[in-house]
Amino acid sequence: MNTITASQPLPDSLEPIENLGLIDRFQPDECQELRICVVDPSDSLPNMDPIRIGIDFDSTIAQIAEPWLERFNALKGTSLRLSDWSDWNINFIPKKDHPLFFSLLTPDIYDSAEPYARASAVIAKWSVRPNIELCCVTSNPTNDSEAFQIAKAKWLSTHIPCLAGQLISARTKSGLGLDILIDDAPHHQTGDYIPILVRRPWNVRIKSEFAFSEWNEADGVLNKALTKLKRGCALM
């Protein structure tokens, strides 16, 4: 927390005053002095437990939709694009082809999956922020679940090593002690955490207080969620 007395000229970065974090008045016995306390969202409250942030894997940090569609198009002779994937239940694919589509999601798909732009850099920066703990929380198919977990851990070791040792497999993401969850799945937008929605074509109709489409927007969105979380803790 940075403190500036009223007798000092205020730097331009602190104007206008409504943009400041918190403003407190201190009134000593012999003088009155206005002190402006600028609170960084990354500052922790006294005695506050570390903030635990869960980050989803598939289609949040790893781009699997494109190679998955490429496999399907190659077999069916179709030309489906990511923009066609307009709902979570894959209604853009004929129902009779659903079993085939899901069979094409295999652990080796991560060999060609790329991280979303800026995801690696942003998460690496978050990993060294004080009082923050990161983990990667993912859901795996029932078949070959262990093979998927191994493939994802290998992918993280290559692309986002700070998460490689923090990979959790869970069908339900409540009850994991998360304070914040970053996820693209509509059904994970409610839980015992503050959700941050990662915008993808299949969730455009989902309303969310906190959301981003590109990882270069994630810092600002996370800071807003942290501010809400800490305000809630301060009232407890």
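The model shown is predicted, which means the values in this text are computed figures rather than measured ones. (Residues numbered from 1 in each chain as written. Predicted model: local features only at pLDDT ≥ 70, side-chain atom pairs only at ≥ 80, totals over all residues. Heavy atoms only, no water.)

## Structural notes on the overall build of the chain
Link 1 in the chain: Broken down by element type, the chain carries five helices and 11 strands.
Link 2 in the chain: Relative to its full complement of 236 residues, the chain shows a buried share of 39%. (Helix = DSSP H or I, 4+ residues; strand = E, 2+ residues; numbered from the N terminus. Buried < 20%, exposed > 50% of the residue type's maximum accessible area, 1.4 Å probe, protein only.)

## A short note on helix α3 (residues 119-126)
Link 1 in the chain: Listed in full, the buried residues belonging to α3 are A119, V122, I123 and W126. All buried residues of α3 project into a common sector of 95° when viewed along the axis, lining one side. (Arc of directions from axis to C-beta.)

## Some details on the pairing of strand β4 (residues 51-55)
In summary, the side chains of a regular strand alternate between the two faces of the sheet.
Link 1 in the chain: Of all the five residues making up β4, five are buried; the element is thus mostly covered by neighbouring parts of the structure.
Link 2 in the chain: Taking every second residue as pointing to the same face, both faces of β4 are buried, with I51, I53 and I55 on one and R52 and G54 on the other.
Link 3 in the chain: Inspection of the sheet shows β4 paired to strand β7 (residues 132-138) by five bridges, in the parallel sense. Considered in β7, the bridge of R52 is made with E133.
Link 4 in the chain: In this sheet, strand β9 (residues 180-183) lies alongside β4 in parallel orientation, the contact comprising three bridges. Looking across to β9, one finds that I53 is bridged to I180. (Pairing = 2+ DSSP bridges.)

## Quick notes on the sheet that holds β4
Link 1 in the chain: The six strands are arranged β8-β7-β4-β9-β10-β11 in an open sheet whose pairing can be described as parallel. Strand pairing shows two members of the sheet lacking a second neighbour, β8 (167-169) and β11 (211-212), which therefore form its edges.
Link 2 in the chain: In this structure, β9 lies alongside strand β10 (residues 194-198), joined through four bridges in parallel fashion. Opposite I180, over in β10, you have I194 as the bridge partner.
Link 3 in the chain: Those strands touched by α3 are β4, β7 and β9, and its axis lies near 135° from that of β7.
Link 4 in the chain: In the packing of helix α4 (residues 145-159) onto the sheet, contacts are made with β7 and β8, and the angle to β8 comes to roughly 155°. (Contact = heavy atoms within 4.5 Å. Axes fitted to C-alpha atoms, helices over the stretch in contact; angles between N-to-C directions.)

## Re the layout of surface pockets
Link 1 in the chain: Approximately 750 Å³ is the volume attributed to the largest pocket.
Link 2 in the chain: Lining the largest pocket are 31 residues; nearest its centre among them are D58, W68, W88, L105 and S139.
Link 3 in the chain: Listed by contribution, the elements that provide at least two residues to the lining of the largest pocket are α1 (65-76), α2 (98-103) and α4. (1 Å grid on protein atoms, 1.4 Å probe; cavity = no way out; pocket = protein on both sides within 12 Å on 5 of 7 lines; lining within 4 Å. Points joined across faces, edges and corners; volume = space filled by probe spheres on them.)

## Concerning the confidence of the model for the chain
Link 1 in the chain: Per-chain confidence: the chain averages 84 in pLDDT, with 78% of residues scoring 70 or above.
Link 2 in the chain: Counted against residues more than four places away or in other chains, residues 1-39, with its pLDDT under 50, gives 39 contacts.
Link 3 in the chain: Across residues 42-46, where pLDDT falls below 50, the model places 10 contacts with residues more than four positions away in sequence or in other chains. (pLDDT = per-residue confidence, 0-100.)

## What to know about unusual backbone geometry
Link 1 in the chain: With a phi close to 65°, N131 is a non-glycine residue in the positive phi region.
Link 2 in the chain: Its location among the elements puts N131 in the loop between α3 and β7.
Link 3 in the chain: Of note in this structure, D144 is not a glycine but carries a positive phi near 60°.

## Quick notes on the environment of V122
Link 1 in the chain: For V122, the position within the fold is in helix α3.
Link 2 in the chain: In this structure the C-alpha to C-alpha distance between V122 and I160, which are 38 residues apart in sequence, comes to 10.0 Å.
Link 3 in the chain: Apart from the residues within four sequence positions on either side, V122 is in contact with W215, A218 and D219.

## Comments concerning the side chain of D58
Link 1 in the chain: Position of D58 relative to the elements: it lies in the loop between β4 and β5 (62-63).
Link 2 in the chain: Polar contacts involving the side chain of D58 include one to the side chain of Y110, which spans 2.8 Å.
Link 3 in the chain: Separated by 2.9 Å, the side chains of D58 and K152 make a polar contact.
Link 4 in the chain: Among residues more than four places away in sequence, those in contact with D58 are I64, Y110, T138, S139, K152 and D184. (Polar contact = N/O pair within 3.5 Å; in protein donor to acceptor, adjacent residues only side chain to side chain.)

## Describing the pattern of salt bridges
Link 1 in the chain: One pass over the structure, following the stated rule, counts nine salt bridges.
Link 2 in the chain: In this structure, K152 engages D58 in a salt bridge whose closest nitrogen and oxygen atoms are separated by 2.9 Å. Placement of the pair is K152 in helix α4 and D58 in the loop between β4 and β5, with a sequence separation of 94 residues.
Link 3 in the chain: Residues participating in the shared-partner salt-bridge network are D56, K173 and D183. (Salt bridge = Lys/Arg side-chain N within 4 Å of Asp/Glu carboxyl O.)

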